Amino acid sequence: MSNSSSPLHRSDAFCAKYGLKLPILLAPMAGACPATLSIALANSGGMGALGALMSEPPAIHAWVQEFRSKSCGPFQMNTWIPDPLPSRDPAAETAMRAFLAAWGPPVAPTAGDAVPPDFRAQCEVFLQERPTAVSSIMGLFPPELVNRFKESGIAWFATATTLAEARRAQAAGADAIIAQGYEAGGHRGSFDPAAAERQSVGLFALLPRLADHLDVPIIAAGGIGDGRGVAATLILGASAAMVGTAFFRCPEARTHLAWADALDQLEPEDTTLTRAFTGRLGRAVATDFVKAAASQRAPAAAPYPVQRGLTAPMKQAGATANDYHRMQAWAGQSAAMAKPVAAGILVTDMWECARQFL
């Protein structure tokens, strides 16, 4: 269906194709989307999600088993397209370890050696479990995997932050484009890590641009926190909305209490883009650590995934101490819209509100 057709026609067609009752998808947030949250959304008519970046194959299987034990609804599984091996700088890593020592326990010299789970092994699990969709971020699935997903009846949703990225994804066979606006919490999906700051485009500018040039459906992501935002994105050309931060305070999200409480009435300007946690650009609460890491006196972040390994001891210590200033507290600019209510109620209310504007 054309991205210029009426909002409800587009959203109805998307829902019919993917087994939804309402066009709202959970954002696949690695480490922050337990099966309980996806079950609640899927059972209320939306689409669940697993952000599998840091999950080994047994954990992915376990998540799917838990989800399917309590829901027959749709879900997507997401992982990152791997970066090339980073260039290591021992002197720079030593400086970062010294900086981090002021925020947590000493950082071992080997901390930066940590690597994510194997991408290919994760994709093999995706093929075995056959979710409704797989989604990519930071690039495109290799053609061989795209073909295997399609042969298995698995749709591919590709994250893009610019029209150029979206065009590449569409040409590569993506079934839908996730348009990630600058407002989104968590990592930016830029194909080129070095270009992430320059390519920080707001969702209201990005959506019409993509809608005017793409043939596949668009899923809007970034700064959507209530029904007004859902309706606006559909009017601007999306067929569905993807929501993440707004669900963090729901009990089914099981978000660390210090992190969840930090979102209460959080102003949009109190989130910021930072590389301090992982080396990849992402939007988080502007905590004391994030601000200190942005100062001129602070060492530059190491590349991903080295920086992620270096900051792991601090983040764990912060979580143990209930100190969100030392935690990896991702948050989108709509964080203040997060409510401590059941996820099923929140997503249902979100769509009922949206329909009043459409």
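Computed from a prediction, not measured in an experiment: that's the story for all the values here.

What counts as what
- Residues numbered from 1 in each chain as written.
- Predicted model: local features only at pLDDT ≥ 70, side-chain atom pairs only at ≥ 80, totals over all residues.
- Heavy atoms only, no water.
- Pairing = 2+ DSSP bridges.
- Helix = DSSP H or I, 4+ residues; strand = E, 2+ residues; numbered from the N terminus.
- 1 Å grid on protein atoms, 1.4 Å probe; cavity = no way out; pocket = protein on both sides within 12 Å on 5 of 7 lines; lining within 4 Å.
- Points joined across faces, edges and corners; volume = space filled by probe spheres on them.
- Nonpolar A, V, L, I, M, F, W, Y, C, P; charged D, E, K, R; others polar.

**A word on the sheet that holds strand β10 (residues 271-274)**
Consideration 1: Taken in spatial order, the three strands make up an open sheet running β7-β11-β10, and their pairing is antiparallel. Since the sheet does not close on itself, it has two edges, and those belong to β7 (186-187) and β10, each with one partner.
Consideration 2: Taken together, the two bridges between β7 and strand β11 (residues 282-285) define a ladder with antiparallel strand orientation. Each bridged residue has a counterpart across the sheet, and for H187 the counterpart in β11 is G282.

**Observations regarding the layout of surface pockets**
Take a probe with the size of a water molecule and roll it over the atoms, and the empty space left behind shows itself.
Consideration 1: Taken as a whole, the largest pocket spans an internal volume of roughly 1100 Å³.
Consideration 2: In this structure, the largest pocket is lined by 47 residues; those nearest its centre are M29, A30, A32, G186 and W330.
Consideration 3: Secondary-structure elements contributing two or more residues to the lining of the largest pocket are β3 (75-80), β4 (133-137), β6 (176-180), β7, β9 (240-243) and α12 (306-320).
Consideration 4: Among the elements that make up the lining of the largest pocket, the one with the highest residue count is α12 (five residues).
Consideration 5: Partitioning the lining of the largest pocket into residue classes produces 25 nonpolar, 19 polar and three charged.
Consideration 6: Approximately 370 Å³ is the volume attributed to the second largest pocket.
Consideration 7: Lining the second largest pocket are 22 residues, with P82, D83, P116, Y304 and P305 sitting closest to its centre.
Consideration 8: In terms of residue class, the lining of the second largest pocket is made up of 15 nonpolar, three polar and four charged.

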